[in-house]
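# Structural description and commentary
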Amino acid sequence: GENVEQHPSTLSVQEGDSAVIKCTYSDSASNYFPWYKQELGKGPQLIIDIRSNVGEKKDQRIAVTLNKTAKHFSLHITETQPEDSAVYFCAASGGSYIPTFGRGTSLIVHP
Amino acid sequence: DVKVTQSSRYLVKRTGEKVFLECVQDMDHENMFWYRQDPGLGLRLIYFSYDVKMKEKGDIPEGYSVSREKKERFSLILESASTNQTSMYLCASSKPILTGVNSPLHFGNGTRLTVT
């Protein structure tokens, strides 16, 4: 089955800095890679996703890149703000529609 | 906007009790999921369902069962609650796969269950 590794488990940055979270996956059949943000007391919410026919996708301060050859994908957040503080999960799915999640990254943005 | 509603935010139960966690979604999604979330372990899939009365085991089904009598409702049942089932439980739903195109999950806000 699919295995998704996510790093780092904790990331601490100063407001205005960039943050990068990286994930690797094992199943070459995976073709959909969503990223979820979980704020305190809430369930994870989709913030951006990318499909295997695309190498990069941007949405304002958030971008995701995908390297199919190396089987890794990354979340980039620029100009971080305190409200970006949350737990972020990557996921991968493909042949099975059941996503496999990474273990999460706790992002702390210091004002 | 999709809304996934979990009936309880916090629940405290005693060891051995039968516990029901309820989840309702309002977007006519075929797929529904139950996850548990524990620090350092991420999201682990307990059970999922791709249609009414259909259910499939996930990665950690032991000690749990599920019920899907109506499309919008997916219940998680702890037959005899134990302290190691103290956790955050998350319900999610998604559209069905269409010709190989996956869809994102929509999560509820979770039920924090404590078993004493």
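Presented here is a report on the structure given in the accompanying data block. Counting of residues starts from 1 at the beginning of each chain's written sequence and follows it residue by residue. To label them, take the chains in the order written and letter them from A, then take the ligands in the order written and number them from 1. Thresholds applied to this predicted model are a pLDDT of at least 70 for local features of residues and 80 or more for the giving and counting of side-chain atom pairs; totals over whole chains, interfaces and linings are not thresholded and use all residues. Water and hydrogen atoms play no part in the side-chain values, which are based on all heavy atoms of the structure.

### Some words on the overall build of chain B
Here a helix means four or more residues in a row that DSSP labels H or I, a strand means two or more in a row labelled E, and each is numbered from the N terminus. Helix and strand counts for chain B stand at 0 helices and 12 strands. Put simply, chain B runs from its N terminus to its C terminus through helices and strands in the order β-β-β-β-β-β-β-β-β-β-β-β. As defined in this context, the radius of gyration uses C-alpha atoms, and a globule is described by 2.2 Å times the residue total to the power 0.38. Computed over C-alpha atoms, the radius of gyration of chain B comes to 14 Å, within 12% of the 13 Å expected from 2.2 N^0.38 for 116 residues, which places it in the range of a compact globule. Principal-axis analysis of the C-alpha atoms gives chain B an extent of 45 × 30 × 25 Å. Any pair of residues with heavy atoms lying within 4.5 Å of one another is described as a contacting pair. Sequence separation of 24 or more characterises 57% of the internal contacts of chain B that already satisfy a separation of 6 or more. Carbon and sulfur atoms make up 51% of the accessible area of chain B, which totals about 5800 Å². Positive charges are assigned to Lys and Arg, negative charges to Asp and Glu, while His and the chain termini are left out of the count. Charge positions are represented by NZ for Lys, CZ for Arg, CG for Asp and CD for Glu. The centroid of the 16 positive side-chain charges in chain B is displaced by 5 Å from the centroid of its 14 negative side-chain charges. Here the accessible surface of atoms and residues is derived via Shrake-Rupley with a 1.4 Å probe, and residues count as covered only by protein chains that are part of the display.

### Description of the pattern of salt bridges
Residues and elements named next belong to chain A. A side-chain nitrogen of Lys or Arg and a carboxyl oxygen of Asp or Glu constitute a salt bridge if their distance falls within 4 Å. Scanning the model with the defined rule gives 10 salt bridges over all chains in all. For E39, the salt bridge goes to K37, with nearest N and O atoms at 3.4 Å. One salt bridge in this structure joins D84 and R61, with 2.9 Å as the shortest N-O distance. Linking D84 in the loop between β8 (72-77) and β9 (86-92) with R61 in the loop between β6 (56-59) and β7 (62-67), this pair joins segments that are 23 residues apart in sequence. Residue R61 is classed as partly exposed on the basis of its relative accessible area, which comes to 23%. Accessible area is worked out with a 1.4 Å probe on protein chains only. A residue is then buried under 20% of its type maximum, exposed over 50%, and partly exposed in between.

### Notes on the sheet that holds β7 of chain A
Within a sheet, adjacent strands bond to each other through the backbone by hydrogen bonds, running parallel or antiparallel. Residues and elements named next belong to chain A. Two strands form a pair only when DSSP identifies at least two bridges running between them. Pairing in this open sheet of 5 strands is antiparallel, and the strands run β1-β3-β8-β7-β6 from one edge to the other. Each having just a single partner strand, β1 (4-7) and β6 make up the two edges of the open sheet. The average angle at which neighbouring strand axes cross in this sheet is 15 degrees, direction not considered. Sheet topology places β6 next to β7; 4 bridges connect them, and they run antiparallel. Counterpart to K57 in the pairing with β7 is V64. Fitted lines through C-alpha atoms serve as axes, helices being fitted only where they are in contact, and the angles separating the N-to-C directions of these axes extend from 0 to 180 degrees.

### Comments concerning the state of the cysteines
All names here are of chain A. Any cysteine sulfur atom paired with another within 2.5 Å is treated as part of a disulfide. Applying the stated criterion across every chain yields a total of 2 disulfides over all chains. Each disulfide pairs two cysteine sulfurs, and for C23 the partner residue is C90, the sulfurs being separated by 2.0 Å. Every disulfide takes its handedness from the sign of the S-S torsion; for C23 and C90 that torsion is -100 degrees, giving left-handed. Taken together, the positions of C23 in strand β3 (residues 19-25) and C90 in strand β9 put the pair 67 residues apart, joining distant regions of the chain. For C23, a relative accessible area of 1% translates into the label buried.

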